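Read off the chains here:
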Amino acid sequence: MSSPHPDPARPAGTGSGRRILALHLPLLAVDRQILIAQAAGDADAARHWRHGPAACHAPGPRGPMITIPNPAARAAGVRTGMTLAEARARTAGDILLAPADPRGDRRALAWLADLADRFSPAVGLDGDQGLLLDITGVAHLFRGEAGLIARASALIRGRGFSLTAAIAPTPLAASALARAQGHAQAQAQGHAQAYPPADDAVVVAHDQAGPDETRAALARLVGPLPPEMISLDGGRLRRVAEGLARLGIRRVDALDALPRSSVAERFGPGLLDLLDRLYDRAPDPLHPRRPSAPVDVRISWAEPIGRAEDIAAATAALVDDLVADLGAAGLGARRLALSVHLVDGRLQRAELGLALASREPRHMMRLLAERLDRIDPGLGIEVMVLAAPVVQPLADLDRSLPGLGQAPLSAGTGSAAVAALIDRIDARLGNGRVRAVRIEAGVMPETAIRLIPAAIAPQRAVRIDDGPHRVTAPRPARLLARPEPALVVAALPDDPPARLRWRGRLHRVHLADGPERLTGPWWESPGAPAEARDYYRVETEDGLRLWVFRSRGSAGLVLDGDGAADDAAAADDWFVHGIFA
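From a predicted model like this one, the values you see are computed outputs, not experimental measurements.

A closer look at the pattern of salt bridges
Any two side chains of opposite charge can pair, on the condition that their charged atoms come close.
Then, in step 1: Evaluation of the coordinates by the stated rule reveals 29 salt bridges.
Then, in step 2: Via salt bridges that share partners, Asp-114, Asp-117, Arg-289, Arg-290 and Arg-349 belong to a single interconnected network.

See the structure below:
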């Protein structure tokens, strides 16, 4: 008789050839407390956090509870989830306590992720205590995977953080192996574990190994892990692990040997998905903390550089490599980002926008040269990265200014010269100093046009007719930043102004034309009439030509039979909005 739940076939390995480096920081919160004490000049507190019993705590269902003890506290029997009273009893009251700061821990982890950008174009966060780096194809820049692990470990430990590391074909496997090392270190006091020792980084095979060799090494290393170690959500899997333990299953390889239909029926299909990702039998994506640039190149040195001529030569080499990659992809760069990683862990960035998509090396180098003299090499530069975070097909050039985009920047045409001038001004004075006009979906004049940096301007010439409402009357050469109130005298309520007081001066109107009614979108004032304005073009006796409007509902000011009026009684809902040339 056949089973009602047939065993689904075990997926074959993906053979992706990826290499993922996991950096686990098991004592991130404790290490931060040491750094905080050192920064405050409290040597005794820093010494106690390092050598005496200490722990962080947070509110819990039974009151404040331990979230992470340091090694000395753990050796005294303090464990995560223990109340403060129990922790003090275990240490005879000699325990240093501090409130947990998850937000500060996340900021520190993000800072370390920025430092790790020098080792990989894709760096992701591994929960709240680790980093994941896609090092596929980049290890040779650091003298192999061993050299990369050594440099990454030295960088993070040099900042004062404990670290365990692992390299595997999938993010989940690398994370599990690195966390297993940290767990083994934490449990080393009389709790022997069956998974790999924590003295060295765990490396699954090597980057030149074949798929079969890598798969066998992966199975050999992840097999002894306890089931709860294969997910960041250990609490959710703890119940599964307890159920497996009742069946005598305490290792991942024993779990993987069970019939898949039985595992799915009893524990849900999510556990099978974790197993397949762990064993590289299903896709296991790495989610970078920042979107990866479409094209980037990098260069590193075993011995740091610092001379200006060496920095310029390295930048030129990066530009050549970037141009080659852009050409192979048929793209042009609209933005360049140069990242300089220093030996002391500092990171310096320079970003440039281009008015036209380009892959002209001389133009790029000329722009970057404006920023190189601002780089302080300090103790030396060990990695430089040049990226094109914004690209577009080179044939689809920017036309934010009339006539631009018809020729490459090397053609020497007038339009290309304007684009090159925009780029050089931005490079010298700062991004966004040159502005272009963008038509917005707004009705009122102050919302219909927006000035934006020319480097991100629309890809075609803009005209006022591009707006959602065609202009039917002339517009002033100068539009005020915001409408300015004016006191107006009119012969009749619907007549144009006869006199107006603006900026403290009284002006008599000689000529007037209008009104032109503009009505705002109804959805901006639900439940109330939409804003309406009546615009007039007026010319005063002293030759001033203004663009004024009256808000709907204004009665203006009616002159008496003698033509006299009191300015103090004038309505206050008239405004001057622009000045004609």
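Having seen the structure, we can now continue with the description.
With respect to the sheet that holds strand E7 (residues 164–168)
Then, in step 1: The five strands lie next to each other as E5-E6-E1-E7-E8, forming an open sheet whose pairing is mixed. In this open sheet, the two edge strands, each paired with only one partner strand, are strand E5 (123–125) and strand E8 (202–203).
Then, in step 2: For strand E1 (residues 20–24) and strand E6 (residues 130–134), the ladder comprises five bridges, and the chain directions are antiparallel. Across the sheet, the residue bridging to Leu-23 is Leu-131, located in E6.

A closer look at the sheet that holds strand E4 (residues 96–99)
Then, in step 1: Reading across from one edge, E3-E2-E4 is the order of the three strands in this open sheet, with mixed pairing throughout. Since the sheet does not close on itself, it has two edges, and those belong to strand E3 (65–69) and E4, each with one partner. The average undirected angle you get between the axes of adjacent strands in this sheet is 40°.
Then, in step 2: As paired strands, strand E2 (residues 54–58) and E4 are joined by four bridges and run parallel to one another. Note on E4: the bridge partner recorded for Cys-56 is Ala-98.
Then, in step 3: Seen against the sheet, helix H1 (residues 28–39) touches E2, E3 and E4 and runs at an angle of roughly 80° to E3.
Then, in step 4: Across the sheet, helix H2 (residues 43–51) lies against E2 and E4, angled at about 100° from E4, the strand it touches most.

What to know about the pairing of E1
Then, in step 1: Most of E1 is tucked away, with five of its five residues classed as buried.
Then, in step 2: Burial along E1 is two-sided: Ile-20, Ala-22 and His-24 facing one way and Leu-21 and Leu-23 facing the other are all buried.

A few points about the confidence of the model for the protein
Then, in step 1: Averaged over every residue, the pLDDT of the protein is 79; residues scoring 70 or more account for 77%.
Then, in step 2: pLDDT under 50 marks residues 396–414. Its contacts with residues more than four places away, or in other chains, come to 48 contacts.
Then, in step 3: Predicted confidence for residues 553–572 stays below pLDDT 50, and this span has 34 contacts to residues more than four positions away or in other chains.

Overview of the environment of Ala-29
Then, in step 1: Here Ala-29 shows up in helix H1.
Then, in step 2: On the basis of relative accessibility, which here comes to 11%, the residue Ala-29 falls in the buried class.
Then, in step 3: Taking the C-alpha atoms as reference points, Ala-29 and Cys-56, 27 residues apart in sequence, are found 7.4 Å from one another.

Some points on helix H13 (residues 308–329)
Then, in step 1: Along its 22 residues, H13 runs 32 Å from first to last C-alpha, staying within 8% of the 32 Å computed at 1.5 Å per residue.
Then, in step 2: Restricting attention to buried positions, one finds in H13 the residues Ile-311, Ala-314, Thr-315, Leu-318, Val-319, Leu-322, Val-323 and Leu-326.
Then, in step 3: Contacts made by the buried residues of H13 are with strand E9 (295–305), strand E10 (331–342), strand E11 (347–358), helix H14 (361–372) and strand E12 (381–393).
Then, in step 4: Once H13 ends, the next one or two residues include Gly-330, with phi positive near 70°.

Points about the side chain of His-577
Then, in step 1: Mapped onto the elements of the fold, His-577 is located in strand E20 (residues 574–579).
Then, in step 2: Only 2.9 Å separates the side chain of His-577 from the side chain of Tyr-535, close enough to count as a polar contact.
Then, in step 3: Ignoring anything within four residues of it in the chain, the contact list for His-577 reads Pro-445, Glu-446, Arg-478, Leu-479, Leu-480, Pro-483, Arg-533, Tyr-535, Trp-547 and Phe-549.

A closer look at unusual backbone geometry
Then, in step 1: Cis geometry marks the peptide bond from Gly-514 to Pro-515; its omega dihedral reads 5°.
Then, in step 2: With respect to the helices, strands and loops of the structure, Pro-515 is situated in strand E17 (residues 505–519).
Then, in step 3: Despite not being glycine, Arg-143 shows a phi value in the positive range, around 60°.
Then, in step 4: Mapping Arg-143 onto the fold places it in the loop between E6 and helix H6 (144–158).
Then, in step 5: On the basis of relative accessible area, Arg-143 is assigned to the exposed category, the value being 71%.
Then, in step 6: Non-glycine residue Arg-503 carries a positive phi angle of around 55°.
Then, in step 7: Relative to the helices and strands, Arg-503 is located in the loop between strand E16 (497–502) and E17.

Concerning the pairing of E7
Then, in step 1: Judged by how many residues are buried, E7 sits mostly within the fold: five of five residues are covered.
Then, in step 2: Residue alternation in E7 divides its side chains into two sets, Thr-164, Ala-166 and Ala-168 and Ala-165 and Ile-167, and both sets are buried.
Then, in step 3: The sheet contact formed by E1 and E7 spans five bridges and is antiparallel. In the sheet register, Leu-21 faces E7, and the bridge partner there is Ile-167.
Then, in step 4: Where E7 and E8 come together, two bridges link them in parallel fashion. Along E8, the bridge assignment pairs Ile-167 with Val-203.

Some thoughts on the packing of H1 against helix H5 (residues 102–116)
In helix packing, the relevant descriptors are the interaxial angle and the interaxial distance, both defined with respect to the helix axes.
Then, in step 1: In the contact formed by H1 and H5, the axes pass within 10 Å of each other and the chain directions differ by 90°. Accordingly, the angle class assigned to the pair H1 and H5 is roughly perpendicular. Of the residues in H5, those touching H1 at Leu-28, Ala-29 and Arg-32 are Gly-104, Asp-105 and Ala-108.
Then, in step 2: Among the residues forming the contact of H1 with H5, the class breakdown is three nonpolar, one polar and two charged.

Quick look at the side chain of Thr-91
Then, in step 1: Secondary-structure assignment places Thr-91 in the loop between helix H4 (84–90) and E4.
Then, in step 2: Given the relative accessible area of 10%, Thr-91 is considered buried.
Then, in step 3: In contact with Thr-91, other than residues within four places in its own chain, are Pro-53, Ala-76 and Val-78.

Focus on H6
Then, in step 1: Taking 1.5 Å as the rise per residue, H6 with 15 residues should run 21 Å; its terminal C-alpha atoms sit 21 Å apart, in good agreement.
Then, in step 2: The complete set of buried residues in H6 reads Gly-144, Glu-145, Gly-147, Leu-148, Ile-149, Ala-152, Ser-153, Leu-155 and Ile-156.
Then, in step 3: Residues of H6 that are buried sit in contact with E1, H5, E6, E7 and E8.
Then, in step 4: At the exit of H6 stands Gly-160, carrying a positive phi of roughly 100°.

Quick look at the packing of helix H11 (residues 260–267) against helix H12 (residues 269–278)
Then, in step 1: Relative orientation of the contacting elements H11 and H12 amounts to 130°, with a least axis distance of 6 Å. Here H12 runs oblique to H11, going by the angle between their axes. The segment H11 lies against H12, with Arg-260, Val-263, Ala-264 and Phe-267 engaging Pro-269, Leu-271, Leu-272 and Asp-276.
Then, in step 2: In the contact of H11 with H12, the residues fall into six nonpolar, no polar and two charged.

The rules behind the values
- Residues numbered from 1 in each chain as written.
- Predicted model: local features only at pLDDT ≥ 70, side-chain atom pairs only at ≥ 80, totals over all residues.
- Heavy atoms only, no water.
- Salt bridge = Lys/Arg side-chain N within 4 Å of Asp/Glu carboxyl O.
- Pairing = 2+ DSSP bridges.
- Helix = DSSP H or I, 4+ residues; strand = E, 2+ residues; numbered from the N terminus.
- Axes fitted to C-alpha atoms, helices over the stretch in contact; angles between N-to-C directions.
- Contact = heavy atoms within 4.5 Å.
- Buried < 20%, exposed > 50% of the residue type's maximum accessible area, 1.4 Å probe, protein only.
- pLDDT = per-residue confidence, 0-100.
- Expected span 1.5 Å × (residues − 1).
- Polar contact = N/O pair within 3.5 Å; in protein donor to acceptor, adjacent residues only side chain to side chain.
- Parallel < 35°, antiparallel > 145°, perpendicular 65-115°, else oblique.
- Nonpolar A, V, L, I, M, F, W, Y, C, P; charged D, E, K, R; others polar.

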